[in-house]
Amino acid sequence: AGNSNIWLRSCLVLLVAVCGAGKCWGQLSTDFYSESCPMLMDTVRCEVESAVDKETRIAASLLRLHFHDCFVNGCDGSILLEDTDSFTGEQTAAPNNGSVRGYYVIEDIKSKVEQVCPGVVSCADIVAIAARDSTVIAGGQSWEVKVGRRDSKTASFNAANSGVLPAPTSSLNELIKSFGDQGLSANDMVVLSGSHTIGVARCVSFRDRIYNETNIDPSFASQSEENCPLAPNSGDDNLAPLDLKTPTSFDNNYYNNLIEQKGLLHSDQVLFNGGSTDSLVRSYSQSPKRFAADFAAAMVKMGDIKPLTGSQGEIRNVCSRPN
């Protein structure tokens, strides 16, 4: 019994030591770094503000980066890893190649964070915080970001290419399934699609819609055609705003566009096309406050997808390569 008590006291001491630097291992929390890196949030915010000042588009890019990270094996920073001798990373997979941006911003933020608290904060957490800050800077709702993730030591080209990331050609059922596979509801899917209130898309991703689909406003289609030639491989990388009305403001105009049949991507317009999500689109078009609140809640939920915690993974020194 004496030995048992000694063992128990030792475990309690160890538990206190493990939990002392932040929250206990195995869970995410909003104050995980409150003691170990109190300057974290301010540091990230300043760097994101600086990046958006230089290029407005980067706000949408950083938000999308978090989404594309979380949908492939969880929110583990794996999308940031460049190819190595032992694995081919996710950056050149079809959904990401030439499309996902902002890696350098995360690297810049990580460099600044390492100066104030070296070896403490994961790249995966930086991606999550930067997504929130980008939204707020663009005029959107803030939320308390849960942190405590650790970084993956590897990445998977095949996983990123497997169809887990919804394509711009996705049907409504495909979108619902894709999000459902990640534990996100159809409601979450519709509100997270509202992130398309900022940012741009490449001609190659909306060419078929503007030339061949009928559920599209004719004047909007004609305007979009000006910057997106019909011929394949002609102007594929030409850009158009996802939200024609307020392309750099995080608001609910995305849903108004859908009601007017001015969704740029096929996967946008299917949310309002006589299907099960029409009523939700109408609701968000009429209530900016509901959209803002639901978007914030859905982002927290998305950030909870299969994080690495505890002794899993690592805290990378540089976001683009394993330690």
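Predicted model only: the values in this text are computed from it and were never measured. (Residues numbered from 1 in each chain as written. Predicted model: local features only at pLDDT ≥ 70, side-chain atom pairs only at ≥ 80, totals over all residues. Heavy atoms only, no water.)

Draft legend 1. Summary view of the overall build of the chain. Scanning the chain for helices and strands turns up 14 helices and two strands. Computed over C-alpha atoms, the radius of gyration of the chain comes to 21 Å, within 12% of the 20 Å expected from 2.2 N^0.38 for 323 residues, which places it in the range of a compact globule. C-alpha extents for the chain along the principal axes are approximately 80 × 40 × 35 Å. Expressed as a percentage of the 323 residues in the chain, the buried residues total 49%. By sequence separation, contacts in the chain at least 24 residues apart represent 74% of the contacts at least 6 residues apart. Here the chain has roughly 14,500 Å² of accessible surface; of this, 51% comes from carbon and sulfur atoms. Once the 27 positive and 38 negative side-chain charges of the chain are each reduced to a mean point, those two points are 4 Å apart. (Helix = DSSP H or I, 4+ residues; strand = E, 2+ residues; numbered from the N terminus. Rg over C-alpha atoms; globule rule 2.2 N^0.38 Å. Buried < 20%, exposed > 50% of the residue type's maximum accessible area, 1.4 Å probe, protein only. Contact = heavy atoms within 4.5 Å. Areas by Shrake-Rupley, 256 points an atom, 1.4 Å probe, with all protein chains shown as cover. Lys, Arg positive; Asp, Glu negative; His and termini not counted. Charge placed at Lys NZ, Arg CZ, Asp CG, Glu CD.)

Draft legend 2. Molecular detail of the packing of helix α8 (residues 186-193) against helix α13 (residues 278-286). Where α8 meets α13, the closest approach of the two axes is 10 Å, and the angle between their N-to-C directions is 45°. Classified by the angle between their axes, α8 and α13 sit oblique to one another. The element α8 and its partner α13 pack so that their crossing is right-handed. In this structure, α8 uses Asn187, Val190 and Val191 to contact α13, whose residues at the interface are Leu280, Val281 and Tyr284. Tallied by class, the residues present in the contact of α8 with α13 amount to five nonpolar, one polar and no charged. (Axes fitted to C-alpha atoms, helices over the stretch in contact; angles between N-to-C directions. Parallel < 35°, antiparallel > 145°, perpendicular 65-115°, else oblique. Left-handed = near helix turned anticlockwise from the far one by under 90°. Nonpolar A, V, L, I, M, F, W, Y, C, P; charged D, E, K, R; others polar.)

Draft legend 3. Region of the structure containing helix α14 (residues 288-303). Look at α14: 22 Å from first C-alpha to last across 16 residues, which is about the 22 Å you get at 1.5 Å a residue. For α14, every residue scored as buried is listed here: Phe291, Ala292, Phe295, Ala296, Ala298, Met299, Met302 and Gly303. Check the buried side of α14 and you find it contacts α3 (58-70), α5 (123-137), α8, α11 (253-259) and α13. (Expected span 1.5 Å × (residues − 1).)

Draft legend 4. A look at the state of the cysteines. Counted under the stated rule, the structure contains four disulfides. Covalently, Cys70 is tied to Cys75 through a disulfide, its sulfur atoms 2.0 Å apart. Here the disulfide of Cys70 and Cys75 is right-handed, its torsion about the S-S bond being about 115°. An identical accessibility class is assigned to Cys70 and Cys75; each is buried. With no disulfide of its own, Cys46 lies closest to Cys37 among cysteine sulfurs, the gap being 13 Å. The class of Cys46 is partly exposed, set by a relative accessible area of 48%. (Disulfide = S-S within 2.5 Å.)

Draft legend 5. Region of the structure containing the domain arrangement of the chain. In terms of domain boundaries, the chain breaks down into domain 1 (39-165) and domain 2 (172-299). For domain 1 versus domain 2, the distance between C-alpha centres works out to 23 Å. Contact residues are listed per partner, giving 21 residues for domain 1 and 17 residues for domain 2. Approximately 1,500 Å² of surface area, both sides summed, lies buried where domain 1 meets domain 2, with 71% of it carried by carbon and sulfur atoms. On the surface where domain 1 and domain 2 come into contact, there are zero salt bridges. At the boundary of domain 1 and domain 2, one finds three residue pairs in polar contact (both at pLDDT 80 or more). (Domains from an automatic or database assignment. Buried area = accessible area lost by both parts, 1.4 Å probe. Salt bridge = Lys/Arg side-chain N within 4 Å of Asp/Glu carboxyl O. Polar contact = N/O pair within 3.5 Å; in protein donor to acceptor, adjacent residues only side chain to side chain.)

Draft legend 6. Geometry of unusual backbone geometry. Look at Asn233: it is not a glycine, yet its phi comes out positive at around 65°. Note on placement: Asn233 falls in the loop between α10 (218-225) and β2 (239-241). On the basis of relative accessibility, which here comes to 69%, the residue Asn233 falls in the exposed class.

Draft legend 7. Looking closely at the pattern of salt bridges. A complete count under the given rule lists 14 salt bridges for this structure. A salt bridge links Arg202 to Asp237; the nearest nitrogen and oxygen atoms lie 3.1 Å apart. With a gap of 35 residues between them, Arg202 in strand β1 (residues 200-202) and Asp237 in the loop between α10 and β2 connect regions that are remote in the sequence. By sharing partners, the salt bridges in this structure join Lys245, Glu260 and Lys262 into a single network.

Draft legend 8. Just the confidence of the model for the chain, in detail. On average, residues of the chain score 93 in pLDDT, and 92% of them reach the 70 mark or higher. Note on residues 3-25: pLDDT under 50 across the span, and 12 contacts to partners over four residues away in sequence or across chains. (pLDDT = per-residue confidence, 0-100.)

Draft legend 9. Up close: the environment of Ala297. Here Ala297 shows up in helix α14. Counting along the chain gives 105 residues from Ala297 to Leu192, while the straight-line C-alpha distance between them is 9.8 Å.

Draft legend 10. Spatial organisation of the packing of aromatic side chains. For the coordinates displayed, the defined rule picks out 12 aromatic pairs. Here the aromatic rings of Tyr255 and Phe291 are separated by 5.3 Å at their centres, their planes lie at 70°, and the arrangement is edge-to-face. In this pair, Tyr255 sits in helix α11 while Phe291 sits in helix α14, placing the two residues 36 residues apart along the sequence. One exposure class covers both Tyr255 and Phe291, and it is buried. Classification of Phe291 as buried rests on a relative accessible area of 3%. (Phe/Tyr/Trp six-rings, centres within 6.5 Å; stacked < 30°, edge-to-face > 60°.)

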